[in-house]
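For reference, the chains in residue letters:
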Amino acid sequence: MEKHVQQYVDDFMAQIVAKNPGEKEFHQAVHEVVESLAEYILQNPVLQKMKVLERIAEPERVVMFRVPWLNDKGEIEINKGYRIEMNSAIGPYKGGIRFHSSVNLSILKFLAFEQTFKNSLTTLPMGGGKGGSDFNPKGKSDAEVMRFCQAFMTELSRHIGQFTDVPAGDINVGGREIGYLFGQYKRIRDEYSGVLTGKGLEFGGSLARTEATGYGLCYYTAEAMRVLRNDSFEGKTVVISGSGNVAIFATEKAQALGAKVVTASDSNGYIYDPNGIQLDVVKDIKLGHRGRIKEYAERVPGSEYHEGCKGVWTVPCDIALPCATQNEIDEESAKALVANGCTVVCEGANMPSTPEAIAVYQANNVLYGPAKAANAGGVAVSGLEMSQNSYRLSWTFEEVDGKLKSIMENIVANSLEAAKEYGHEGDLMLGANAAGFVKVANAMVAQGVL
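All of these numbers come straight from a predicted model, not from anything done at the bench.

Visitor: I keep staring at the sheet that holds strand E4 (residues 127–133) and nothing clicks. Help me out?
Guide: The strands making up a sheet are joined through hydrogen bonds of the backbone, oriented either antiparallel or parallel. With mixed pairing, the 5 strands of this open sheet are ordered in space as E1-E2-E4-E3-E5. Of all strands in the sheet, those bounded by a partner on one side alone are strand E1 (61–70) and strand E5 (165–169). Put simply, the sheet's adjacent strands are angled 20° from each other on average, direction ignored. As judged from the 10 bridges shared by E1 and strand E2 (residues 76–87), these two strands associate in the antiparallel manner. Directly across from Val-62, in E2, lies its bridge partner Ile-84. Here helix H6 (residues 142–156) sits on the sheet and contacts E1, E2, strand E3 (93–99) and E4; the angle it forms with E1, its principal contact strand, is near 145°.

Written out as structure tokens, the structure is:
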């Protein structure tokens with residue numbers, strides 16, 4: 001990187017760190033984008049004059065609130081609630097709600113920042129947002145989850161709306177939680193609108209939404225491999241982390257495309273099945289009764305369970321699809337993947353690779369699909385759900401799946417086109433950042449200083 005470009009990156013990040021102390025995940029997400037776009041911004045003085053990137057890195061609104069609720073013993077419990085409304089230049093804020101003990105301001109700001117570019121890449125009219133709480137539904141009864149969701153939405157309802165901010169699900173926020181949240185919004189606002197996505201099919205949800213992120217990840221990976229490597233999933237061995245919706249449906253689609261998926265994991269450890277994951281067993285464990293992945297090894301002869309998640313990246317494979325959480329692949333894990341024959345890494349989770357891991361991919365000619373592009377399928381179908389709600393109709397599974405496949409293939413094409421235009425042909429990471437940024441930047445410049 002040229003000296004003046006590096007100086008711009010260093011100066012920009014110094015400001016970000018000074019204004020947002022201690023928010024390491026947010027710093028990491030911003031740094032990746034700034035490093036990719038610095039050269040382009042320096043060549044376009046209007047972007048510097050209008051301070052477009054500085055504004056994108058500052059949320060338009062941050063809402064933090066107390067969530068008091070009653071557990072089954074009648075005791076009061078108190079959690080924190082958040083909504084980050086990051087950028088509305090191209091549409092209403094759009095992004096998931098995450099319920100997890102790790103949720104904090106830094107993680108939600110990084111997710112909302114990434115979401116802004118991800119939503120832009122889908123070409124649908126959606127801005128960037130994210131929210132959640134440090135509440136963890138694991139081990140809670142349905143009644144406790146309902147009371148928490150109702151308390152959470154009681155405050156959140158005044159900040160969202162179908163033309164303002166449209167939340168969706170994320171980690172630990174699935175159909176059950178969205179149902180409770182939607183019911184409380186409807187009760188408080190006395191209106192039936194498409195204010196949340198990921199709803200049940202009976203009350204405005206979209207077919208293929210559950211499968212969307214996992215399927216979309218595979219559509220993106222398949223298209224990137226086709227264009228850049230003249231290759232496919234056929235006959236490949238795939239390592240997947242996680243065992244939630246993203247991992248389950250990435251496994252399903254990868255198998256349908258001819259690959260053998262050999263792993264799944266949760267926060268306790270991972271399973272390795274050299275014969276290929278039996279997806280019906282994983283679905284029964286994780287979707288049927290919310291069990292732990294180690295049950296798989298007890299039920300499937302020939303499979304192994306290993307404590308700890310990190311070892312999943314030591315399993316030999318052709319393709320790795322991280323679908324668990326942020327920063328799950330560090331430099332050591334990336335080197336293990338490369339040493340064991342992995343040539344493709346596409347991200348189903350948000351920012352699952354550390355900067356050091358990404359450097360290992362780039363140094364070893366690994367085809368790397370960044371999260372903001374590769375996992376955009378979920379929010380793409382959320383956008384399609386918003387469209388169906390506005391039309392007061394529903395499309396078939398095949399119609400939605402076809403639109404999803406088209407969107408993911410277009411993201412690959414647009415990323416590669418942007419990368420070539422800015423002198424980095426074949427770089428999907430820079431291409432995704434550039435393609436996502438330009439649309440938002442142009443809209444912000446056109447709308448003046450807001």
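Back to the text.
Visitor: Would you mind going over the pattern of salt bridges with me for this structure?
Guide: Note that side chains of opposite charge can pair when their charged atoms are close. Within the structure shown, the criterion is met by 24 salt bridges. Here Glu-58 and Lys-19 are joined by a salt bridge, their closest N and O atoms 3.4 Å apart. Of this pair, Glu-58 sits in the loop between helix H4 (52–56) and E1 while Lys-19 sits in helix H1 (residues 3–19), placing them 39 residues apart in sequence. You can call Lys-19 exposed: its relative accessible area is 59%. Here Asp-170 makes a salt bridge to Lys-130, at a shortest N to O gap of 3.3 Å. Here Asp-170 is found in the loop between E5 and helix H7 (175–189), whereas its partner Lys-130 is found in strand E4, with 40 residues between them in sequence. Connected via shared salt-bridge partners are Glu-32, Glu-114 and Lys-372.

Visitor: Explain the state of the cysteines to me, please; I cannot follow it from the model alone.
Guide: Note on terminology: disulfide describes a covalent bond linking the sulfur atoms of two cysteines. Following the criterion strictly, the structure yields 0 disulfides and no others. With no disulfide of its own, Cys-342 lies 4.1 Å from the sulfur of Cys-317, the closest cysteine sulfur. Look at Cys-342 and you get buried, because its relative accessible area is 4%.

Visitor: Explain the packing of aromatic side chains here, please?
Guide: Aromatic rings considered in pairs are described by the distance between their centres and by the relative angle of their planes. Inspection of the entire model under this criterion finds 18 aromatic pairs. Judged by centre distance (6.1 Å) and plane angle (85°), the ring pair of Trp-69 and Phe-148 falls under edge-to-face. Of this pair, Trp-69 sits in strand E1 while Phe-148 is found in helix H6, placing the two residues 79 residues apart along the sequence. Both residues of the pair, Trp-69 and Phe-148, count as buried. With centroids separated by 5.2 Å and ring planes inclined at 70°, the aromatic side chains of Phe-113 and Phe-117 adopt a geometry described as edge-to-face. Residue Phe-113 and its partner Phe-117 are both found in helix H5 (residues 105–121); the two are separated by 4 residues, about one turn of the helix. Assigned by exposure class, Phe-113 and Phe-117 land together as buried. Feature note: the residues Phe-65, Trp-69, Phe-99, Phe-135, Phe-148 and Phe-152 constitute an aromatic cluster, connected by ring pairs. Over the ring of Trp-395 we find Lys-403, and its NZ or CZ is 4.6 Å from the ring centre.

Conventions and cut-offs
Residues numbered from 1 in each chain as written. Predicted model: local features only at pLDDT ≥ 70, side-chain atom pairs only at ≥ 80, totals over all residues. Heavy atoms only, no water. Pairing = 2+ DSSP bridges. Helix = DSSP H or I, 4+ residues; strand = E, 2+ residues; numbered from the N terminus. Axes fitted to C-alpha atoms, helices over the stretch in contact; angles between N-to-C directions. Contact = heavy atoms within 4.5 Å. Salt bridge = Lys/Arg side-chain N within 4 Å of Asp/Glu carboxyl O. Buried < 20%, exposed > 50% of the residue type's maximum accessible area, 1.4 Å probe, protein only. Disulfide = S-S within 2.5 Å. Phe/Tyr/Trp six-rings, centres within 6.5 Å; stacked < 30°, edge-to-face > 60°. Lys NZ or Arg CZ within 6 Å of the ring centre and 35° of its normal.

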